[in-house]
Amino acid sequence: MQHHATRSPSSGPAHLKCGGFAGSGEDSPATLKGNRAHEHLEQLCSGQEVTKPVPADELPGVLWAYEYVKDNFDMKALRCEEMVHIYDDSGEELSFGTNDLFDGEQIGDFKTGQVREYKAQMAYYAAGRMQQTGKKEMRVHEIYTEHRWGKVYILSYDEAWSIVNQITENKKTGQLSPNEYCTWCKHSGVCPALSEIAMNALEQISPETKLKNYDFTQLKTPEDKGKAYSLCKLLEDWIAGVKKNVTKSVIEDGEDVPGVRVVSRSGDPGIEDIPGAFARMDLGQDEFLRACSVSIPKLTKEYQKKFNLTGKEASQEVANRLECLIKRKPDTRYIRRK
């Protein structure tokens, strides 16, 4: 999938809130999951052979989305993963991106994660498609594979362009406004707007901390970085405490807290009856075992229980017996306060 480097449609929701947003460019697990689902669905919707199917636990949602497309789109006219360009009044290209679904009358976009406000992203695609076709409105389908739900609405030409023009204004003025997309912005560590909020909070949490005339957006020297990092712990402790308090209030006590909503995520599937799974899969032992993993801590507990050993004795015995089979993963390096 190709998108504009600095003004991609997918960044539309973030740019509508903050003109300074810039994606980090890193592929998160959620991004990789979305890419897998998109590729699988593109092949299904375009009648191609599925060459890279999604994992079994993601397949039901993907198949549901495919059925949704067949029920709601003109499959004969459907175009998948097609590039859309959006131009301003002078003919200059504002943005471009890959539109998942378009059948001449409506557009669709697959969403593989949580339900969010994506109208600003869809406004780009709708504006571009209406420029192409001359239509005055476009039906939009946001298709959520994990939740098996389609959000459908109409975007008029004027509404779509009102959103796109607001993004243009935000970027032109460099308007900065901390919001939920800051997590994915590469400027979050040096953003003046975020730093101001952090400094105000720190002065309330720790009045004795000397913060006046200190610019945390300019982390140039080791001393600057060390001082800023030492203050992170204060904010982290406060944030953790606030999250714990609010989570209890909302989930356990049922309190209605403005700006907070409860979301559910499907639990990861697991198999407890390993022999039963082996019997049902019609795979050879070697083939089946390649798909399995061994938890050394759990194996040690079972060994300790069977031979009535102390934890230390069991750990040493298991280590001795499996020494030639254990492969250690590469070390992970991270930083910690001194």
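Further up the page is the structure itself.
Described below are features of the structure shown in this document. (Residues numbered from 1 in each chain as written. Predicted model: local features only at pLDDT ≥ 70, side-chain atom pairs only at ≥ 80, totals over all residues. Heavy atoms only, no water.)

**Points about unusual backbone geometry**
A positive phi angle, close to 50°, is found at Glu81, a residue other than glycine. Within the fold, Glu81 resides in strand E1 (residues 79–87). When its relative accessible area of 16% is taken as the criterion, Glu81 is described as buried. Despite not being glycine, Asp282 has its phi angle at roughly 55°, a positive value. Here Asp282 is to be found in the loop between helix H8 (274–281) and helix H9 (285–289). (Helix = DSSP H or I, 4+ residues; strand = E, 2+ residues; numbered from the N terminus. Buried < 20%, exposed > 50% of the residue type's maximum accessible area, 1.4 Å probe, protein only.)

**Here's the deal with the pairing of strand E4 (residues 137–144)**
Within E4, 6 of the 8 residues are buried, leaving the element largely enclosed by the surrounding structure. Here strand E3 (residues 106–111) pairs with E4 via 6 bridges, running parallel. The residue of E4 that forms the bridge with Gln106 is Arg139. Considered for its hand, the β-α-β crossover made up of E3, helix H4 (residues 119–133) and E4 is right-handed. Where E4 lies against strand E5 (residues 149–156), 8 bridges are found, and the strand directions are antiparallel. Paired with Val140 across the two strands is Tyr153, which belongs to E5. Between E4 and E5, which pair antiparallel and follow one another directly, the connecting turn spans 4 residues, one of which, Arg148, has a positive phi of 55°. (Pairing = 2+ DSSP bridges. Right-handed = clockwise from strand over helix to strand, strands pointing away.)

**Thoughts on the packing of aromatic side chains**
Counted under the stated rule, the structure contains 7 aromatic pairs. On the basis of an interplanar angle of 25° and a centroid distance of 5.5 Å, the ring pair of Tyr144 and Trp149 is categorised as stacked. Accessibility expressed as a relative area gives 0% for Tyr144, which makes it buried. Overall, Trp149 belongs to the partly exposed group, its relative accessible area being 39%. (Phe/Tyr/Trp six-rings, centres within 6.5 Å; stacked < 30°, edge-to-face > 60°.)

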